[in-house]
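Residues per chain are reported as follows:
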Amino acid sequence: MTAALALGDDALVLSHRLGEWAGHAPVLEEEVALANIALDLLGQARVLLSLAGDEDELAFLREERAFRNVQLVEQPNGDFAHTIARQLYFSVYQRGLYEQLAAGGGDFAGLAAKAVKEVAYHQDHATHWTLRLGDGTEESHQRMQRGVDALWRFTGELFQPVEGVEIDWPSLHTDWLATVTGVLQQATLTVPTGPGSGAWTAGAGRQGIHTEPFGRMLAEMQHLHRSHPGASW
Amino acid sequence: MVTGTLLEEEVRRLAGSVPDPELPVLTLEELGVLRGVEVLAPGKVTVRLTPTYTGCPAIETMSADIEQVLHDHGIPEVSVVTVLAPAWSTDDISAEGRRKLAEFGIAPPRPHDAATGSGGPVPLTLAVRCPHCGSTDTELLSRFSSTACKALRRCASCREPFDHFKEL
């Protein structure tokens, strides 16, 4: 199932990236918040990947080219502002996507109706931090702007139609742009104007083409399972 | 040891009496996660359970605990299945469950009709009462706390931090 893999991989990969903050977040509350968000995403990933096959095999034994996540979610964490920019872009997208899936009544409606309520908190979290950092100190403003700018070129791919789901992609994109623009402007940040995808980045995560850091992330994520098949504790 | 065919009500009572592994003051019935039981044959039952959050790790312990309590009451074949729809909401927590949460030091979730009318974040202007001193002068420290279902707040009157079971 193409769609289950695409949506499941988005959730799995972002969950792993957020998990990398454990032990490194700027304050304890954020350590806990990012881990909580990662846990929500992992729960969604488990349900979605189980629709496509064996969740552990899919997560731990696939090669990089077999992953169907968008390139945005595989981008390294960077500084905290960079992570927040990624969270803002992705949570607004995922909420809109799940809202449509929940309303559509297809295979994913049950999960989407449940997960959309969780994602609403992820969006709330990202929005508040974008406002605090963007409209904060000169330093925090600069960092937030840098994160927002650097990740912009990965946002176009979010609206590439995924086979197997009934989504009104143009309206998903329009709503996403309106929400993100509103938050960035309120945060005194400049909305990036560059292209949402670039030739060199391809924007083709859904086709299995990934950016360089993804291989290293997978190596770490899969290492234990591949070295000790069937290990548990 | 119970012999013979148990009524579904009895199975439901037993399964519902299992304490939540993370909030042991609440039973699964009070938490509202028990979605139904079916007696398929004598000694063979199916229990339907819904997770609070999709990734809630407590669901596995809940399933194991339900199996155990039913085995202890003479039902050898127990299958606990997880259902996602309709999605669980904090409105499914019973009135008694809310009372126990507050007594345990966790501010209970506010009903949705008093808030947004649907799932997700509730405007912060709505007061959450401190479970320690009862003051409504409390502030949000973090939207996420010790478990996925809670937010961390602090009371401006008694200065104590406390968990708030956030609305979902």
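Provided above is the structure to which this section pertains.
In this report, the structure presented in the accompanying data block is examined.

With respect to the sheet that holds strand β5 (residues 138-142) of chain B
- What the 4 strands build is an open sheet, ordered β4-β7-β6-β5 (chain B); its pairing is mixed. Across the chains shown, the open sheet's two edge strands, defined by having one partner strand only, are β4 (106-107) and β5 of chain B.

A few points about unusual backbone geometry
- At the junction of Ala85(B) and Pro86(B), the peptide bond is cis and its omega measures out at -5 degrees in the coordinates.
- Here Pro86(B) lies in the loop between β3 (77-82) and α4 (95-103).
- Backbone geometry places Thr188(A), a non-glycine residue, at a positive phi of 60 degrees.
- Inspection of the secondary structure assignment puts Thr188(A) in the loop between α8 (169-186) and α9 (212-227).
- Positive phi, close to 70 degrees, is recorded for Arg159(B), a residue that is not glycine.
- Topologically, Arg159(B) is positioned in the loop between β6 (150-155) and β7 (161-165).
- Overall, the relative accessible area of 52% leaves Arg159(B) in the exposed class.

Topic: the sheet that holds strand β2 (residues 44-49) of chain B
All names here are of chain B.
- Taken in spatial order, the 3 strands of this open sheet run β1-β2-β3, and their pairing is mixed. Strands with a single pairing partner mark the edges of an open sheet, and in this sheet they are β1 (34-41) and β3. Here the strands of the sheet are splayed against their neighbours by 15 degrees on average, with no regard to which way each runs.
- Two elements, β1 and β2, share 6 bridges in a ladder whose sense is antiparallel. Along β2, the bridge assignment pairs Leu-34 with Leu-49.

Remarks on the interface of chain B and chain A
- Contact residues are listed per partner, giving 26 residues for chain B and 24 residues for chain A.
- Counting each side, the surface lost to burial between chain B and chain A is near 2100 Å², with a carbon and sulfur contribution of 66%.
- Counting every contact that joins chain B to chain A gives 2 salt bridges.
- Inspection of the region where chain B meets chain A yields 9 residue pairs in polar contact (both at pLDDT 80 or more).
- Class assignment for the residues of the side of chain B that touches chain A results in 13 nonpolar, 9 polar and 4 charged.

Focus on the nonpolar core
- Membership of the largest hydrophobic core comes to 105 residues, with the highest contact counts inside it found for Ile66(B) and Leu70(B).
- No other element matches the 12 residues that helix α5 (residues 80-104) of chain A contributes to this core.
- Among the domains, domain 1 (8-82) and domain 2 (94-165) of chain B are the pair contributing at least three residues each to this core.
- Counting 5 residues, the second-largest nonpolar core is a separate cluster that includes Ala107(B), Val128(B), Cys155(B) and Phe162(B).

Remarks on the pairing of β6(B)
All names here are of chain B.
- With 5 of 6 residues buried, β6 lies mostly within the body of the structure.
- Pairing of β5 with β6, which is carried by 4 bridges, proceeds in the antiparallel orientation. Bridge pairing links Ser-142 to Leu-152 in β6.
- When β6 meets β7, the two strands line up antiparallel, connected through 5 bridges. Residue pairing across strands places Arg-154 opposite Pro-161, the latter belonging to β7.
- Hairpin geometry of β6 and β7 is characterised by an intervening segment of 5 residues between the two adjacent antiparallel strands and by a positive phi of about 70 degrees at Arg-159.

Some details on the packing of aromatic side chains
All names here are of chain A.
- With the rule as written, the count across this model stands at 10 aromatic pairs over all chains.
- For the pair Trp-152 and Trp-176, a centre-to-centre distance of 5.8 Å together with 40 degrees between the ring planes defines the contact as tilted. Of this pair, Trp-152 sits in helix α7 (residues 138-152) while Trp-176 sits in helix α8, and the two are 24 residues apart along the sequence.
- Classification of Trp-176 by relative accessible area gives buried; the value is 2%.
- A connected cluster of aromatic rings, assembled from ring pairs, spans Tyr-89, Phe-90, Tyr-93, Trp-152, Phe-159 and Trp-176.

Rules used throughout
Residues numbered from 1 in each chain as written. Chains lettered and ligands numbered in written order. Predicted model: local features only at pLDDT ≥ 70, side-chain atom pairs only at ≥ 80, totals over all residues. Heavy atoms only, no water. Pairing = 2+ DSSP bridges. Helix = DSSP H or I, 4+ residues; strand = E, 2+ residues; numbered from the N terminus. Buried < 20%, exposed > 50% of the residue type's maximum accessible area, 1.4 Å probe, protein only. Axes fitted to C-alpha atoms, helices over the stretch in contact; angles between N-to-C directions. Contact = heavy atoms within 4.5 Å. Buried area = accessible area lost by both parts, 1.4 Å probe. Salt bridge = Lys/Arg side-chain N within 4 Å of Asp/Glu carboxyl O. Polar contact = N/O pair within 3.5 Å; in protein donor to acceptor, adjacent residues only side chain to side chain. Nonpolar A, V, L, I, M, F, W, Y, C, P; charged D, E, K, R; others polar. Core = buried A, V, L, I, M, F, W, Y, C linked by side-chain atoms within 4.5 Å. Domains from an automatic or database assignment. Phe/Tyr/Trp six-rings, centres within 6.5 Å; stacked < 30°, edge-to-face > 60°.

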